[in-house]
Amino acid sequence: MAAVSIIIPTFNRAHRIARAVASVLYQTFADYEILVVDDGSEDGTQQVLSQFHSRIKRISHFKNLGVSAARNTGIRESHSPLVAFLDSDDYWLPQKLAAQFSFFSHHPKAVACQTEELWIRRGVRVNPMKKHFKPSGEIFEAALKLCVVSPSAVMVRRPLLQEVGLFDEDFPVCEDYDLWLRIAWKYPVDLIPEPLVIKEGGAPDQLSRSVEAMDRYRIRAIVRLVESGCLTERQTEAALQELRFKCRVYGNGCLRRGKKEEGQYYLDLPDRLRGNSTETP
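Residues numbered from 1 in each chain as written. Predicted model: local features only at pLDDT ≥ 70, side-chain atom pairs only at ≥ 80, totals over all residues. Heavy atoms only, no water.

Peer 1: Teacher, can you tell me more about the overall build of the protein chain here?
Peer 2: Within the protein chain one finds 11 helices and 9 strands. Over its C-alpha atoms the protein chain spans a radius of gyration of 19 Å, differing by no more than 12% from the 19 Å that the globule rule assigns to 281 residues. Counting only C-alpha atoms, the protein chain reaches 55 × 45 × 35 Å along its principal axes. Looking at charge distribution, the protein chain has the averaged site of its 38 positive side-chain charges lying 3 Å from that of its 36 negative ones. (Helix = DSSP H or I, 4+ residues; strand = E, 2+ residues; numbered from the N terminus. Rg over C-alpha atoms; globule rule 2.2 N^0.38 Å. Lys, Arg positive; Asp, Glu negative; His and termini not counted. Charge placed at Lys NZ, Arg CZ, Asp CG, Glu CD.)

Peer 1: Would you mind going over the pairing of strand 4 (residues 82-85) with me for this structure?
Peer 2: Across the two faces of strand 4 the burial is the same, with L82 and A84 and V83 and F85 all buried. Inspection of the sheet shows strand 1 (residues 4-10) paired to strand 4 by 4 bridges, in the parallel sense. By the bridge assignment for strand 4, I6 is matched with A84. Pairing between strand 4 and strand 8 (residues 154-157): 3 bridges, direction antiparallel. (Buried < 20%, exposed > 50% of the residue type's maximum accessible area, 1.4 Å probe, protein only. Pairing = 2+ DSSP bridges.)

Peer 1: Looking at this structure, how should I read the packing of aromatic side chains?
Peer 2: Two descriptors summarise a pair of aromatic rings, namely the distance from one centre to the other and the angle between the planes of the rings. Going through the model one piece at a time under the given rule, you end up with 7 aromatic pairs. With a centroid separation of 5.4 Å and an interplanar angle of 85°, the aromatic rings of F85 and F167 are classed as edge-to-face. A residue pair is termed long-range when its members are at least 10 positions apart, and F85 in strand 4 and F167 in the loop between helix 6 (158-164) and helix 7 (175-184) qualify at 82 residues. In this pair, the class of F85 matches that of F167, namely buried. Aromatic pair Y250 and Y266: ring centres 4.8 Å apart, planes at 80°, arrangement edge-to-face. With a gap of 16 residues between them, Y250 in helix 10 (residues 233-256) and Y266 in helix 11 (residues 260-274) connect regions that are remote in the sequence. Across this residue pair, the class does not change: Y250 and Y266 are buried. (Phe/Tyr/Trp six-rings, centres within 6.5 Å; stacked < 30°, edge-to-face > 60°.)

Peer 1: So what exactly am I meant to see when it comes to the packing of helix 9 (residues 215-228) against helix 10 here?
Peer 2: Between two packed helices, what matters for the description is the angle formed by their axes and the separation of those axes. The N-to-C vectors of helix 9 and helix 10 enclose an angle of 150°; their axes lie 10 Å apart at closest approach. Our classification of the angle between helix 9 and helix 10 gives roughly antiparallel. Remark: the crossing between helix 9 and helix 10 carries left-handed chirality. Across the interface between the two elements, D215, R216, R218, I219, I222, V223 and V226 of helix 9 pack against T236, A239, L240, E242, L243, K246, C247 and Y250 of helix 10. Looking at the contact of helix 9 with helix 10, its residues break down into 9 nonpolar, 1 polar and 5 charged. (Axes fitted to C-alpha atoms, helices over the stretch in contact; angles between N-to-C directions. Parallel < 35°, antiparallel > 145°, perpendicular 65-115°, else oblique. Left-handed = near helix turned anticlockwise from the far one by under 90°. Contact = heavy atoms within 4.5 Å. Nonpolar A, V, L, I, M, F, W, Y, C, P; charged D, E, K, R; others polar.)

Peer 1: When you look at the pattern of salt bridges in this model, what are you seeing that I'm missing?
Peer 2: Pairing of side chains with opposite charge becomes possible as their charged atoms draw close. The full count for this structure, using the stated rule, is 19 salt bridges. Close ionic contact of R16 with E200 constitutes a salt bridge, the shortest N to O distance being 3.8 Å. Of the two residues, R16 sits in the loop between strand 1 and helix 1 (17-25) while E200 sits in strand 9 (residues 190-201), which places them 184 residues apart along the sequence. Per residue, the accessibility class of R16 equals that of E200, and both read buried. Measuring nitrogen to oxygen at the nearest pair gives 2.8 Å for the salt bridge that ties E163 to K186. (Salt bridge = Lys/Arg side-chain N within 4 Å of Asp/Glu carboxyl O.)

Peer 1: Is there a simple way to think about the side chain of R182 in this case?
Peer 2: Within the secondary structure, R182 is located in helix 7. Polar side-chain contacts of R182 include one of 2.9 Å to the side chain of D178. When residues no more than four places from it in sequence are discounted, the contact partners of R182 are V164, G165, L166, F167, D168, R224 and L225. (Polar contact = N/O pair within 3.5 Å; in protein donor to acceptor, adjacent residues only side chain to side chain.)

Here is the structure:
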């Protein structure tokens, strides 16, 4: 059994998937298995992947089911005690796996860690804003505000996913935000400060560009977590405070677009939730 299962979901990225896979094959740490889940591509992705032969395990969905389903398929078809993810438009520097495997070897109680990353936008290196700086350890309150864990940078122990559940396949976007919240309320997520992931953005095929009103899914994730009753009093207050902010922004946006009923629903949602009489949006 390999030490690490690497799961690469892809959809119509024939022009980039080879680079992602190659960045794994060039790792200084070699005890891994690669599972590429082709989520119904129609652009020649399978032909590109064929060049890697037995060095990867190819899994195909007959139709596009979404990134959550693709990652979950990879998780279920893999077997290693450690699981890492790589988005097909990102790639790793050669020491990435070695650094994380060493971290887990020296921290046997740790369940999740991520590395720093470098950002490329339309071919140009950019610096993240202060709000995007990755925290380390107890990240729950920071994770409520925005997604502070990158799928391409994280590695987790398999029992953690068995405990908290996999990616929610009903979330077309923000599925990672939802999962990190389900992890971070209970467990630390540690940061290896070296930038070992190249994260590309700005492409027209990115999910964040194709789905409107992404905050609806962040709101849904917070509501579900609060309703679960698992949070501490401090965590609940932090979650409700962030929920109020997100609902105000989204609700007022709905009102400006003439969606009065939807807007009022979200504006009233935090108070209903605090009173324990809400329905999940």
